[in-house]
Amino acid sequence: MLSTLLKHSIRTLRRQKGYVIINVGGLAIGIACSLIIGLFIVHQLSYDQYHEDKDRIYQLALNGILGGEEFTGAYTAPPIGPAMVRELPGVESCLRMNGFSETVIKYEDKFFVEEHFVEADSTFFDFFDIPLLRGNPQTALNQAFSVVLTESMAERIFDSIDPLDKMIRVGTSENLYRVTGIMADIPENTHFRANAIGSFISNPRAENPTWLSNSFSTFVMLHPETTPENVESGLNDLIVKYVGPELRDYLGISIEDFLNQGNKYSIFLQPLTDIQLNPAIEQPLATPNDPRYLRIFGSIGVLILIIGAVNFMNLSTAQASKRAKEVGVKKVSGSSQGMLMTQFLTETILLALLAMLLAVLIVEVSLPFVNNLLHTQLTLNYFSPWYTLPVLLLFAMVIGIFAGIYPAFYLSSFNPVRVLKGKAGNGSDLINLRRVLTTLQFSISIVLIVGTLIMHRQINYMLTKDLGFDKEQIVVLRRAGVLGDQVNTFKNDLMGLSGIVSVSASSAVPGRPNNNNGYNIQGRPEESFLLQTTWVDFDFLKTYGMEMAEGRFFNPDLLTDKQACIINQRAARNFALENPLETRFLDGDSERSVLPVIGVSRDVHFESLRNDIKPAIMKFKHEGMNWGYISIRLSPGSPKTAMEQINQKWASYTAQEPMLYFFLDKDLERLYREEKQNASLSVIFTLLAIVIASLGLYGLTSFTISQKTKEIGVRKTFGASTLDIWFMVSREIIILITISTAIAWPMIYWVAQDWLQNYQYRVILNPMDFLKGLLLAATIALLTISYRAIKAASMNPSLSLRYE
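Rules used in this analysis
- Counting of residues starts from 1 at the beginning of each chain's written sequence and follows it residue by residue.
- Local features in this predicted model are restricted to residues whose pLDDT is 70 or higher, and side-chain atom pairs enter the listing and the counts only when it is 80 or higher, whereas totals over whole chains, interfaces and linings include all residues.
- Only hydrogens and water are removed before side-chain values are computed, so all heavy atoms of the structure are retained for them.
- Each axis is a line fitted through C-alpha atoms, taken for helices only over the stretch in contact, and angles between the N-to-C directions span 0 to 180 degrees.
- Secondary structure elements follow DSSP: runs of H or I no shorter than four residues count as helices, runs of E no shorter than two count as strands, and numbering proceeds from the N terminus.
- In a left-handed crossing the near helix is turned counterclockwise from the far helix by less than a right angle, and in a right-handed crossing that turn is clockwise.
- Only heavy atoms matter for contacts: two residues are in contact if any of them lie within 4.5 Å across the pair.
- Any carboxyl oxygen of Asp or Glu within 4 Å of a side-chain nitrogen of Lys or Arg constitutes a salt bridge here.
- For each residue, the accessible area found with a 1.4 Å probe, counting protein chains only, is set against the maximum for its type, and the residue is called buried under 20%, exposed over 50%, and partly exposed in between.
- Grid points spaced at 1 Å over the protein atoms alone were grouped into cavities, where a 1.4 Å probe fits but cannot get out, and pockets, open sets with protein on both sides within 12 Å along at least five of seven lines, with lining residues defined by an atom within 4 Å of a point.
- Grid points are joined across faces, edges and corners, and a volume is the space filled by probe spheres set on the points.
- Residue polarity follows a fixed list, in which Ala, Val, Leu, Ile, Met, Phe, Trp, Tyr, Cys and Pro are nonpolar, Asp, Glu, Lys and Arg are charged, and the others, Gly among them, are polar.
- Counted as positive: Lys and Arg. Counted as negative: Asp and Glu. His and the chain ends are not counted at all.

Colleague: Can you help me understand the packing of helix H20 (residues 709-717) against helix H21 (residues 722-756) in this one?
Modeller: Two quantities define a packed helix pair, namely the angle between the helix axes and the distance between the axes. Direction vectors running N to C along H20 and H21 enclose 145°, while the axes themselves pass 10 Å from each other. Remark: the crossing between H20 and H21 carries right-handed chirality. Facing H20, whose interface residues are Glu711, Ile712, Arg715 and Lys716, H21 presents Thr722, Ile725 and Met728.

Quick look at the structure:
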């Protein structure tokens, strides 16, 4: 019975090649898009690399308010983890981690630039299920200057040499590190990346007892019977015990007064599985992904799949009149409605399975491109887990049933007597259904088109907005600390080179801030203020093309300026400084240094445009503060010659230390990498959605014209022009697009407004975005049907009249 049904269904489908190609092609593209999006979402939500007891592991996160400025981030002080293990019964163990950016690793006469070097306590392998292939997980990181390498990193450095117990140099450390273990490569969808892990106790700040020095990540593992609420309650007591005295030392007030002023200092537990998809909490080890994009792309995947399924239903119902006599004959021969439904559903399931096979081929071809675009490693593994293939088959069958259930019901319900008389059911109902489905397709297409246009306009706005400084022609050297006390000498030598306009040394540069510090204002002892702090030299303003709103910048002719400070307009406004040049800040260090304000700089965007401009302070970078960056403004033109000279000068000052640098304008684009990737994906998926809709529209138009061939011949006989015939065929599509627009515009307006709220600085929705979406959808639709319409209109009327 089943084999007979399958054979009959296959024979039937062979007779409808054009219908099958369009249906399977559209459905396959829709399935492929949804599979790729599904792989991406599962990849982002995967936590296989975590400890089996991941529900007991939490990261400590700081939530503070100082002077009205709120900060939430996973930055903690070195002593907090050990203190929790020591004093809170519910805490079983702790892990401290510290991430570095580009780090130079040397072995013999070779050096390697590693972007993912991390320091971690010896408990690292207790917290994360990352296999240690060689070495002892209990002792690999319990000695200073020990390092564990990933398998690929070890091969990169040592090739075929046994790496264990080999000595390497890490960064600028005077001590060599011993390789004590080789671990498996860490999956790239973890909340941190690491190719080399050094022992945390190697860091000179590991034993820093200051609780207000928050710069490390701390994880804790709770006892099975302990709740995070109990631990957080105990944390409050620790804050009062340890942070209270430091607040009195540094800010001159008690913790009670500090809190009564409206300030806040609290530490809470963030679940391990919450880290990767919670951008509200700033992370020191890696930037979290925004779950909004997962929801957006999940919705796009569903919408594209709906377009494919709608195509299927549309074309299947359009075929109804061609199969009406077949249904009538079978019913007269004794076939029941249930038998006919089974036959038609079998046909649609076969088509869906064929579409799934084609979709898998599309996915395999597309994944290398997608991985390159997203910097991911997506793979479709058919046998791991074991249920992958069954799920794909079930998915195809569900799609086939969903897309074919109504056409099957409709076809099988024909009255055999009416059919054999040439009256195939309620044609008006069928036409109305196709109109609804076509309207749905166009509504989805317009939503995707307009959404993509708005996304691109926002990204272009962020990349081109005036940031308050000149980002062009600036190259930034990293690792200024390699120069030691020769930073100023190096600067002076660079100024003697051709093509160099100015040079500046600073602790931070735009796009890479690294310090937030607390201050008081003289005369306002009851208040505390949080400012983004950057240490700069005399040439910083000139190098970055920044402007002063009031006062002056640091002057090398005035020695007292080295003990002064400059604030931005946001600080003056937020802190209600009526006469900022008469204001004195009190530094939050143990000396309580007095910093008179000598100038107010115009506000600049030091961070992503997702964030508001923060109150900021610039302090003078004294001798001995050698860490940070060296920014070099180049003269316009080709930078190649200038870079060669800079590299030679760097080499003359350093002993075989590589010069790591970046161009500022390109580096700032890094802040919007996620948006640019997602915008590119949106364009791709929108184009594919349009292709699917166009395939369906083309097939539907072809069928409609075949039904109206005699009508077209009659109209041509009575003098209708090609334009008249084109308008007759196109009129309904134009009406449906208009209705689709009325449905799509409110939807995309609401979605776009919600998405734009993520950005402090954003575009205003423009009517042109919506009109462009309408015009693009209408143009594509009309071009799609025009070929068939014009071809039909050009046919000899005598042939048309003989057609039926």
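From this point, things continue past the structure.
Colleague: Quick question: what am I supposed to make of the pattern of salt bridges here?
Modeller: Opposite charge on two side chains allows them to pair when their charged atoms are near. Following the criterion strictly, the structure yields 25 salt bridges and no others. Put simply, glutamate 675 and arginine 610 hold a salt bridge, and the shortest N to O gap is 2.8 Å. With glutamate 675 in helix H19 (residues 673-707) and arginine 610 in the loop between strand E21 (594-601) and strand E22 (616-620), this residue pair connects regions lying 65 residues apart in the sequence. Here arginine 610 falls in the partly exposed class, since its relative accessible area comes to 28%. Across the pair lysine 676 and glutamate 669 runs a salt bridge whose closest N-O atoms are separated by 3.3 Å. Among the residues examined, lysine 676 registers a relative accessible area of 33% and is labelled partly exposed.

Colleague: In this structure, what is going on with empty space enclosed by the protein? I would like to understand it.
Modeller: Sizing a probe to match a water molecule and rolling it over the atoms shows the empty space that remains. Evaluated as defined, the whole model comprises six cavities of 30 Å³ or more. Lining the largest cavity are 21 residues, with Gln532, Asn568, Val604, Phe606 and Ala616 sitting closest to its centre. Of all elements in the fold, only strand E17 (524-536), strand E19 (565-568) and E22 reach the threshold of two or more residues within the lining of the largest cavity. Residues of the lining of the largest cavity, tallied by class, amount to ten nonpolar, seven polar and four charged.

Colleague: Can you help me understand the side chain of aspartate 665 in this one?
Modeller: As for its placement among the helices and strands, aspartate 665 is situated in helix H18 (residues 664-669). Notably, aspartate 665 is buried but unbridged: the nearest opposite-charge side chain belongs to lysine 666, and the N-O separation is 5.2 Å. Apart from residues no more than four positions distant in its own chain, aspartate 665 is found in contact with Lys471 and Glu472.

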